[in-house]
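Report on the structure
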Amino acid sequence: MKTPTITRYPPHAALEQAMIRTFEAMKKRQLLLGDFHIIKTETWVAVWVFFVNEQDVQENADVGVLSELEMNFRERLLASKEQFSFQELPPISFEFDSKENVDKNYQGSYYLRMR
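A brief look at the structure comes next. (Residues numbered from 1 in each chain as written. Predicted model: local features only at pLDDT ≥ 70, side-chain atom pairs only at ≥ 80, totals over all residues. Heavy atoms only, no water.)

**Re the overall build of the protein chain**
The criterion, for reference: Runs of E in the DSSP output that reach at least two residues are strands. Runs of H or I that reach at least four are helices, and both are numbered from the N terminus. Residue contacts are counted whenever heavy atoms from the two residues lie within 4.5 Å of one another. We get accessible surface area from the Shrake-Rupley algorithm with a probe of 1.4 Å; when it comes to residues, only the shown protein chains can shield them.
Tallying secondary structure elements over the protein chain gives six helices and three strands in all. Traced from its N-terminal end to its C-terminal end, the protein chain shows the element sequence α-β-β-α-α-α-β-α-α. Based on the C-alpha atoms only, the size of the protein chain along its principal axes is roughly 50 × 30 × 25 Å. For the protein chain, long-range pairs separated by at least 24 residues make up 66% of all intrachain contacts whose partners lie at least 6 apart in sequence. Carbon and sulfur atoms make up 49% of the accessible area of the protein chain, which totals about 7200 Å².

**Quick word on the packing of aromatic side chains**
Operational definition: Classification of ring pairs uses Phe, Tyr and Trp, with its six-membered ring standing for Trp, and accepts pairs whose centres are within 6.5 Å; under 30 degrees between planes counts as stacked, over 60 as edge-to-face, and the remaining range as tilted. The buried label goes to any residue with under 20% of its type's maximum accessible area, the exposed label to any with over 50%, and the partly exposed label to all in between, with areas taken from a 1.4 Å probe on protein chains only.
Under the definition given, this model contains five aromatic pairs. Taken together, a centroid distance of 5.3 Å and an interplanar angle of 65° make the contact between Phe 23 and Phe 36 edge-to-face. Of this pair, Phe 23 sits in helix 1 (residues 12-25) while Phe 36 sits in strand 1 (residues 33-40), placing them 13 residues apart in sequence. Each member of the pair, Phe 23 as well as Phe 36, carries the same accessibility label: buried. Judged by centre distance (5.5 Å) and plane angle (85°), the ring pair of Phe 73 and Phe 94 falls under edge-to-face. Taken together, the positions of Phe 73 in helix 3 (residues 65-79) and Phe 94 in strand 3 (residues 92-98) put the pair 21 residues apart, joining distant regions of the chain. Taken as a pair, Phe 73 and Phe 94 share a single burial class, namely buried. These aromatic residues form a ring-pair network of at least three members: Trp 48, Phe 50 and Tyr 110.

**Here we look at the nonpolar core**
Spelled out, the test is: By nonpolar core is meant a set of buried Ala, Val, Leu, Ile, Met, Phe, Trp, Tyr and Cys residues that side-chain atoms within 4.5 Å join together.
Among the nonpolar cores identified, the biggest contains 24 residues, and Met 19, Val 47, Val 49, Leu 69, Phe 73, Leu 77 and Phe 96 are the most heavily contacted of them. Broken down by secondary-structure element, the contributors of at least two residues to this core are helix 1, strand 1, strand 2 (45-51), helix 3 and strand 3. Setting aside its immediate chain neighbours within four residues, Val 47 contacts Met 19, His 37, Ile 38, Phe 73, Ile 92, Ser 93, Phe 94 and Glu 95. Counting residues in each nonpolar core, the second largest holds six residues, with Ala 46, Trp 48, Phe 50 and Met 114 among its members.

**Structural notes on the pairing of strand 3**
Rules: The pairing criterion for strands is at least two bridges between them, as found by DSSP.
Counted residue by residue, strand 3 has five buried out of seven residues, so it is predominantly covered. Direction of pairing for strand 2 relative to strand 3: parallel, over a ladder of seven bridges. Residue pairing across strands places Phe 51 opposite Ser 98, the latter belonging to strand 3.

**Concerning unusual backbone geometry**
A positive phi is found at Ser 85, a non-glycine position, where the angle reads about 55°. Mapped onto the elements of the fold, Ser 85 is located in the loop between helix 4 (81-84) and strand 3. Ser 85 sits in the buried class, given a relative accessible area of 11%. Within the chain, Gln 107 stands out as a residue other than glycine whose phi angle is a positive 50°. With respect to the element layout, Gln 107 can be found in the loop between helix 5 (99-105) and helix 6 (110-114). Residue classification places Gln 107 among the exposed residues on the basis of a relative accessible area of 65%.

And the structure:
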């Protein structure tokens, strides 16, 4: 059996898995999420979470759900260190927006929004 290579930062698969598990854990909050995207470089990670509409973003920010989502994601990612053989977390930034905004101001293109 081949010994896994230890990397400094988590691979993309670990990031995606942590995000999916975070959303599953937060189902009790009944979040109206449209999509999420993760951009990973050698030195940082950006997590974009898109709610369905602008009102959902503001309401969830006001009651602390966005902070809870970030914390939950980081905890789940750290818990996967052994499984994915990485040493530490890179700087991770979170951006929260809505599909409504992307459709209205970026011709429905997540790519244009995240540029």
